[in-house]
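These are the residues of each chain, in order.
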There are 2 protein chains.
Amino acid sequence: MSTPLHISISEKLRRQITAGDYQPGDKLPSEHQLMERFNVSRITVRQAIANLVSQGLAIAYRGKGVFVTPRKKVAYSLSSPLVFLGSDMARQGIDFCFENLTLDPVPAPEPVATALAIPPKAVVYVQKKLFRMDGAAGAVDISYLMAELGQRFADTLAQQMTFPTLADNGIPIDQVDAVIECTHADYAMSGYLEVPLGHPLMVYRYTAFSTDQQPVLYGETISRADRFCYSLSTRA
Amino acid sequence: MSTPLHISISEKLRRQITAGDYQPGDKLPSEHQLMERFNVSRITVRQAIANLVSQGLAIAYRGKGVFVTPRKKVAYSLSSPLVFLGSDMARQGIDFCFENLTLDPVPAPEPVATALAIPPKAVVYVQKKLFRMDGAAGAVDISYLMAELGQRFADTLAQQMTFPTLADNGIPIDQVDAVIECTHADYAMSGYLEVPLGHPLMVYRYTAFSTDQQPVLYGETISRADRFCYSLSTRA
DNA sequence: TGGTTCAACTTGTTATGACAAGCCACCTTA
DNA sequence: TAAGGTGGCTTGTCATAACAAGTTGAACCA
């Protein structure tokens, strides 16, 4: 066997997890128990557990133990971006709500100004929202809205999602250009989303256009990659 | 200071990276040099480097050193999934090619049978392809093709992408349903994609339908999350 | 000059040992 | 009974040590 010990141990545990010997939420044997079971040093056991954690299969709590991570992901449909996110969640049996963190006028940063086709440092409204799924923090949305719209709908935006707010006031969104990528939690995000530093995140970066092809809204939805996925359907 | 040594060291290095002291592609100091610079043990240095790697900022190669990860990501457009992937790459100035790893008839695993609406264990053709961008392994595609199609086009499939092969033979793809999610490299994928275990990956899991609404192809494109992102445009 | 060998340098694996720090249940005490 | 402390469990941090294995370039030989 030229495969490292810690690999063969973490693979053995992985198979036990996927086979159902350890259910989501179950506690794995302690490091000491694994040392005896596999007759290896603690370093090797810890490396094996680190492998599982880095693969998103387990999560360790100091003083408590290592637990199998719950599995199910929530799908966010991209096929019709105008749908209220909450209804998407409700259809999957998830209790969805959002918290308005901030809503302020600021000078537009460079990428925002480019996306919205306005001069750099022109005033835009930036809104930070925290999305909760079944009570747990799941995603943060940071969106930049054209100044006149932000000012006009400030009260509503704090309580209702952005797309419905705009649509209700005669500004339907016609097109959304977006990019999906993967990043890691920095210090700020690890605080918002209650995850460790470096935890994998998905970023949905979008620019929304109104019916007259004018960019109206630019933003990023940053979500826990272990909780979220995106679904879409494309036709020729 | 109650923050662990390895955290403060990796944060120091992270700041140097983001400040540009170490450019993308640059080699970081060796473990030995970092031990002397910070006056700590090798365990601590290795933990600090592991932090950077888990945050996607660096990548380690045995015998060579630790390097700052290159930053630019290649965008894969999802708006028209029928486009030949290579032309997407070429437009971004990327040299694209693929290697046929395997192409074999196998009994369909359960999720494949469900997606293709065939009985479990019915024969399908599974093809593994390795995508190379500028020579470096960037993505693996594992696709399952209905048996009669796999048998008919086996020779062509080893040299040409699947969608063009089907289209050239009168089987155009009309609709693609897909899910995008984030996972981590297991042992097999870390070998294919030349990344460390646990490296973040993006999965594009698709079912392609022909014009008669019949599922024809099911598969997963698994790509390095530090190299790839997905772009899409949706209309109301 | 061309090819091979080898030494030095890199990261990877693994052991042993020690203490810190978080969590929890049990036991003592008021 | 209720409050608080304590001990034993857990994972986290960090040191020293040794060898394995991949990479590279310089020295050597043909």
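For the structure itself, look to the data block above.
Residues numbered from 1 in each chain as written. Chains lettered and ligands numbered in written order. Predicted model: local features only at pLDDT ≥ 70, side-chain atom pairs only at ≥ 80, totals over all residues. Heavy atoms only, no water.

Comments concerning the sheet that holds strand β4 (residues 96-107) of chain B
In spatial order, the strands read β3(A)-β10(A)-β7(B)-β8(B)-β9(B)-β6(B)-β5(B)-β4(B); together these 8 strands make up an open sheet with mixed pairing. Bordering the open sheet on either side are β3 (74-77) of chain A together with β4 of chain B, each of which pairs with just one other strand. Direction aside, neighbouring strands of the sheet carry axes that sit 20° apart on average. The pairing of β3(A) with strand β10 (residues 228-235) of chain A spans 4 bridges and is classified as parallel. Bridge assignment links A:A75 to a residue of β10(A), and that residue is A:C229. In the packing of helix α6 (residues 147-157) of chain B onto the sheet, contacts are made with β4, β5 (123-133), β6 (136-146) and β9 (215-224) of chain B, and the angle to β6(B) comes to roughly 140°. (Pairing = 2+ DSSP bridges. Helix = DSSP H or I, 4+ residues; strand = E, 2+ residues; numbered from the N terminus. Axes fitted to C-alpha atoms, helices over the stretch in contact; angles between N-to-C directions. Contact = heavy atoms within 4.5 Å.)

As for the protein's contact with DNA strand D
Residues in close proximity to DNA strand D total 22 residues, the closest being A:R42, B:L5, B:S41, B:T44 and B:R62. Of everything in DNA strand D that lies within 4 Å of the protein, sugar and phosphate atoms constitute 71%. One of the side-chain nitrogen or oxygen atoms of B:S41 is found 2.4 Å away from a phosphate oxygen of DNA strand D. Sorting the residues of the surface near DNA strand D by element identifies α3 (42-54), β1 (58-61) and β2 (65-68) of chain A together with α1 (5-19) and α3 (42-54) of chain B as the ones contributing at least two each. Tallying contributions element by element places α3(B) first for the surface near DNA strand D, with 3 residues. Taken together, the residues of the surface near DNA strand D sort by class into 7 nonpolar, 7 polar and 8 charged. (Near = heavy atom within 4 Å. Polar contact = N/O pair within 3.5 Å; in protein donor to acceptor, adjacent residues only side chain to side chain. Nonpolar A, V, L, I, M, F, W, Y, C, P; charged D, E, K, R; others polar.)

What about the protein's contact with DNA strand C?
Taken together, the neighbourhood of DNA strand C is formed by 22 residues, with A:L5, A:S41, A:T44, A:R62 and B:R42 sitting nearest. Within the contact set of DNA strand C, a base nitrogen lies 2.6 Å away from a side-chain nitrogen or oxygen of B:R42. Of all the secondary structure elements, the ones that give two or more residues to the surface near DNA strand C are α1 (5-19) and α3 of chain A together with α3, β1 (58-61) and β2 (65-68) of chain B. Considering each element in turn, the surface near DNA strand C owes the most residues, 3 residues, to α3(A).

Things to note about the sheet that holds strand β6 (residues 136-146) of chain A
The mixed open sheet is built from 8 strands, whose spatial order is β4(A)-β5(A)-β6(A)-β9(A)-β8(A)-β7(A)-β10(B)-β3(B). The outermost strands of the open sheet, each flanked by one partner alone, are β4 (96-107) of chain A together with β3 (74-77) of chain B. Within this sheet the neighbouring strands show an average axis-to-axis angle of 20°, counted without direction. Pairing between β4(A) and strand β5 (residues 123-133) of chain A: 11 bridges, direction antiparallel. Opposite A:F96, over in β5(A), you have A:M133 as the bridge partner.

Section: the relation of the copies chain B and chain A
For the pair chain B and chain A, the relating rotation is 180°, the translation along its axis is 1.2 Å, and the fit reaches an RMSD of 1.6 Å. Here the transformation between the copies is reduced to the relation of a two-fold axis. No C-alpha of chain B lies nearer the rotation axis than that of B:P200, which sits 2.9 Å from it. Both copies present the same face, since 89% of the interface residues in chain B are matched by interface residues at the equivalent positions in chain A. (Least-squares fit on C-alpha atoms with pLDDT ≥ 70 in both.)

A few points about the packing of aromatic side chains
Scanning all chains against the criterion turns up 16 aromatic pairs over all chains. Ring plane angle 70° and centroid distance 6.2 Å describe the contact between B:Y76 and B:Y204, whose orientation is recorded as edge-to-face. With B:Y76 in strand β3 and B:Y204 in strand β8 (residues 200-210), this residue pair connects regions lying 128 residues apart in the sequence. On the basis of relative accessibility, which here comes to 12%, the residue B:Y76 falls in the buried class. Site record: aromatic cluster; members linked through ring pairs are A:Y76, A:Y204, A:Y206 and A:Y230. (Phe/Tyr/Trp six-rings, centres within 6.5 Å; stacked < 30°, edge-to-face > 60°. Buried < 20%, exposed > 50% of the residue type's maximum accessible area, 1.4 Å probe, protein only.)

Here we look at the pattern of salt bridges
Residue and element names in this part refer to chain A. Applying the stated rule across the entire model yields 16 salt bridges over all chains. The partner of R14 in a salt bridge is E11, with the nearest N and O atoms 3.0 Å apart. Here R14 pairs with E11, and both are found in helix α1, just 3 residues apart, close to one helical turn. A residue is classified by how much of its surface remains accessible, and R14, at 22% relative accessible area, is partly exposed. (Salt bridge = Lys/Arg side-chain N within 4 Å of Asp/Glu carboxyl O.)

Things to note about the nonpolar core
One finds A:I180 and B:I180 to be the most contacted residues of the largest nonpolar core, which totals 113 residues. Discounting chain neighbours no more than four positions away, the residues touching A:I180 are A:L78, A:M202, A:V203, A:Y204, A:Y230, B:I180, B:M202, B:C229, B:Y230 and B:L232. (Core = buried A, V, L, I, M, F, W, Y, C linked by side-chain atoms within 4.5 Å.)

Some points on the pairing of β1(B)
All names here are of chain B. Bridge count for β1 against β2 is 4 bridges, and the pairing is antiparallel. From the neighbouring strand, Y61 faces β2, where its bridge partner is G65. Between β1 and β2, which pair antiparallel one after the other, the connecting turn spans 3 residues, and G63 there sits at a positive phi close to 85°.

Describing the side chain of A:Q127
Residues and elements named next belong to chain A. Along the chain, Q127 falls in strand β5. Take Q127: its relative accessible area is 2%, and that puts it in the buried class. There is a polar contact of 2.9 Å between the side chain of Q127 and the backbone oxygen of L157. With residues up to four places along the chain from it excluded, the contact list for Q127 reads N100, T102, L103, D141, I142, S143, L157, A158 and T162.

A closer look at the interface of chain B and chain A
Taken residue by residue, the interface counts 38 residues in chain B and 38 residues in chain A. In this assembly, chain B packs against chain A so that about 3300 Å² is buried in total across both faces, 57% of it on carbon and sulfur atoms. Here chain B and chain A share 2 salt bridges between them. A salt bridge links A:K73 to B:E181; its shortest N-O distance comes to 2.6 Å. Counting across the chain B and chain A interface gives 16 residue pairs in polar contact (both at pLDDT 80 or more). If you list the elements that add at least two residues to the side of chain B that touches chain A, you get α3, β7 (173-184), β8 and β10 (228-235) of chain B. (Buried area = accessible area lost by both parts, 1.4 Å probe.)

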